[in-house]
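One-letter residues, chain by chain:
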Amino acid sequence: MILTLNSEQQACVDSIHGNYVVISGPGSGKTSTLIRRYLEMISTHRIPSSDILNLTFTNAAATEMVERVGLADAKNVFRTFHSFALDLLTKEKEHLPYKVGDFILPSQGQDFQLLKDLMRLYPAITSFRSLRDKVMEWKNKDIEPAQAIEETYNDTKGNAFFYAAAYRDYEKRCREQGGWVDFDGLIKDTVKLLESNNVVRSRYQRKYISVDECQDTNAAQFRLLQLIYGGNIFAVGDENQSVFEFRSAVVGNLTNFSQHFPGTKTLYLGANYRSTKSIVEFVKKITPVDNGIASHMVSMREQGTKPTFIKYDSDLDEAAGILDQIENLNNTAIIARTNRQLHTFQKKSSRFGTGLQRSGLPRIGHIFLKWLRIFLSVCPMEPPLHGNFAIRS
Ligand SMILES: Nc1ncnc2c1ncn2[C@@H]1O[C@H](COP(=O)(O)OP(=O)(O)OP(=O)(O)O)[C@@H](O)[C@H]1O
Ligand SMILES: [Mg+2]
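Parameters and conventions
Residues numbered from 1 in each chain as written. Chains lettered and ligands numbered in written order. Predicted model: local features only at pLDDT ≥ 70, side-chain atom pairs only at ≥ 80, totals over all residues. Near = placed C-beta within 6 Å. Helix = DSSP H or I, 4+ residues; strand = E, 2+ residues; numbered from the N terminus. Nonpolar A, V, L, I, M, F, W, Y, C, P; charged D, E, K, R; others polar. Buried ≥ 20, exposed ≤ 12 C-beta atoms within 10 Å, placed from the backbone. Pairing = 2+ DSSP bridges. Right-handed = clockwise from strand over helix to strand, strands pointing away. pLDDT = per-residue confidence, 0-100. Contact = placed C-beta atoms within 7 Å. Core = buried A, V, L, I, M, F, W, Y, C linked by C-beta atoms within 7 Å. Axes fitted to C-alpha atoms, helices over the stretch in contact; angles between N-to-C directions. Parallel < 35°, antiparallel > 145°, perpendicular 65-115°, else oblique. Left-handed = near helix turned anticlockwise from the far one by under 90°.

Draft legend 1. Fine view of the site of ligand 1. Close contacts around ligand 1 come from 17 residues, with Gly 29, Lys 30, Thr 31, Ser 32 and Tyr 273 the closest. The element best represented in the shell around ligand 1 is helix α2 (residues 30-43), accounting for three residues. Looking at the shell around ligand 1 residue by residue, the class counts come to four nonpolar, nine polar and four charged.

Structural data, given as C-alpha cells:
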C-alpha cells in the first residue's frame, strides 16, 4: 500500500544530499519514510542502488524492509551491520592481519566452549556469564585485548585484569582453533581493517547511507558508519526506545549526531500512526526524556480505551492486584520486565490453576523488539513515579 505522506515525512524523503537526523517518537513513520526515501532516490533521482546502503540491526528488521521495498536487489542495499561486516571480512580476508577459515563465524556453542575452557586458567573468574558479557562489552566498545589489558593492569582491587587476560587468550584461541571471528568481533575487526587499509575502505564507502534505530548503535557500529561515510547520511531513531544498552548501545550517537557529522540538519515527525489518542496522551505524561518531541506528538488514530496506571507497594501486591482484575485468561497477556516478576505472578496465580502459562522471553528478534519498543514507549524503564506499577489498556 502506498502511504500518503504528511508534510514532515515528505520533507524527510526530500532530504537526500547532506547529513540528516530524524529524532521522532514511536509509530511516527520513521522506517516507512526511510524506505520511501530510498525508492525516491532510485526512481526519481536515478541514484544507482550500488551507491546506497541502508543499515539496521536485526535480520528480521532488514528482511521486513526488503519486503516493504518489494524489489529483488533490495537485499543488497538493506543490510544489518553484522551481515555487512561479515560480507566485507569474507571478501577481504587476505587483508586481515590474521588467518581466518572458510566459515568466519563460530557457532555460539563453539565460542562459548572456548570461553568456558579459559575459566579453568583463571580461577578468579567464577561466572561464565560475566566473562561472556565483559568480552562482548569490550568488543562492542571497539576495545582491543591489548587496550583492555593496559586499562585493567593497575586494578589491584578487583579481578578485571584476569578478564582482560582471558579476552586476549580467547581472541588468540578463536584464531588458532577455528580461524574464527565471533559475532561481536565482526564489527570491531571490520573497523580495524578499514582504519588500516584505505584501499579496502574506499571499496566499501557508500555515497548515501541511512540508519534505522540509530539510538541502538554502539561505539564500534558508529565508528563503522564514520568509516564508510561517503558524504551523505540519513539516520532515524528515538532516544526513548533504546533497547540495546546491554550491547553497549550509546544513545548519544543519535542525540549528538551533528557533532559526529558536521552540518547535520535535524528533522522531526510529529504524527503517530500506530497508537490511539489515549495511549499517546498517556505517553506524554510519563515519557522519561522529554526532548520536546513526545509532548508534541499527535495521534492519527481513534480515541481508544484509556490505559490505567496503578502503583503498588510490592511485587506481590502488584501480582495479586493485576491477577484480581483478570476475568478471562484467553484474551489476556501479562508482560513483565524481569523473570523474577513473572515468577511472582506464577506463585500468586493459584486461582487459575495451571492456566497461567509463562511463555518466557523469546530470543531477541525483531518481532519481540518491536513489541518491546512499543511497550517501553508506554512503560519507561525508570518511571518518573517511584514504586511498582502496572499499566493496562
Ligand atoms: N503517512 C502515513 N499514513 C498512514 N499510515 C502511516 C503513515 N506513516 C506511517 N504510517 C503507518 O504507521 C505505522 C508505523 O510506521 P513505522 O513503522 O514506519 O513507524 P516508526 O516511526 O518507524 O516506528 P518505530 O518507532 O516503532 O520504529 C505503520 O503501520 C505505517 O504503515
Ligand atoms: Mg521504525
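Draft legend 2. The pairing of strand β4 (residues 206-211), seen in detail. In terms of burial, β4 is a largely internal element, five of the six residues being buried. By the bridge criterion, four bridges tie strand β2 (residues 52-56) to β4 in an arrangement that is parallel. Of the residues in β4, the one forming a bridge with Asn 54 is Ser 210. Of the pairings in the sheet, the one linking β4 to strand β5 (residues 229-237) comprises five bridges and is parallel in character. Opposite Ser 210, over in β5, you have Phe 234 as the bridge partner. Between β4 and its parallel partner β5, the chain crosses via helix α11 (residues 219-228), and the hand of that crossover is right-handed.

Draft legend 3. How the structure looks around the confidence of the model for the protein chain. Averaged over every residue, the pLDDT of the protein chain is 84; the share at 70 or more is 87%. In this model residues 376-393 is a low-confidence stretch, pLDDT under 50, and it forms 45 contacts with partners more than four residues away in sequence or in other chains.

Draft legend 4. Molecular detail of the nonpolar core. Tyr 167, Tyr 170, Ile 209 and Ala 235 are the most contacted members of the largest nonpolar core, which totals 71 residues. No other element matches helix α8 (residues 160-178), which puts seven residues into this core. Setting aside chain neighbours within four positions, we find Tyr 167 in contact with Val 135, Trp 138, Pro 145 and Ala 148. By size, the runner-up hydrophobic cluster in this structure holds six residues, among which are Ile 279, Val 280, Phe 282 and Val 283.

Draft legend 5. Geometry of the environment of Arg 175. As for its position among the elements, Arg 175 is in helix α8. A count of 17 C-beta atoms within 10 Å places Arg 175 in the partly exposed class. Taking the C-alpha atoms as reference points, Arg 175 and Ile 104, separated by 71 residues in sequence, lie 9.6 Å from one another.

Draft legend 6. Main features of the packing of helix α5 (residues 108-121) against α8. Close contact between α5 and α8 brings their axes to 10 Å; oriented N to C, the two are set at 130°. By the angle between their directions, the pair α5 and α8 is classed as oblique. Handedness of the crossing formed by α5 with α8: right-handed. Contacts between α5 and α8 involve Gln 110, Asp 111, Leu 114, Leu 115 and Leu 118 from the former and Ala 166, Asp 169, Tyr 170, Arg 173, Cys 174, Gln 177 and Gly 178 from the latter. Tallied by class, the residues present in the contact of α5 with α8 amount to six nonpolar, three polar and three charged.

Draft legend 7. Focus on unusual backbone geometry. Of note, the phi angle at Arg 46 is positive, near 55°, even though the residue is not glycine. Positionally, Arg 46 belongs in the loop between α2 and β2. Residue Arg 46 is classed as exposed on the basis of its 7 C-beta neighbours within 10 Å.

Draft legend 8. Main features of the sheet that holds strand β1 (residues 19-23). With parallel pairing, the six strands of this open sheet are ordered in space as β3-β2-β4-β5-β1-β6. The open sheet has two edge strands with one neighbour each: β3 (78-80) and β6 (265-267). Ignoring strand direction, the axes of neighbouring strands in this sheet form an average angle of 25°. The strands touched by helix α3 (residues 59-69) are β2 and β3; relative to β3, the strand with the most contacts, the crossing angle is about 175°. The sheet strands contacting α11 are β4 and β5, and the helix crosses β4 at an angle near 155°.

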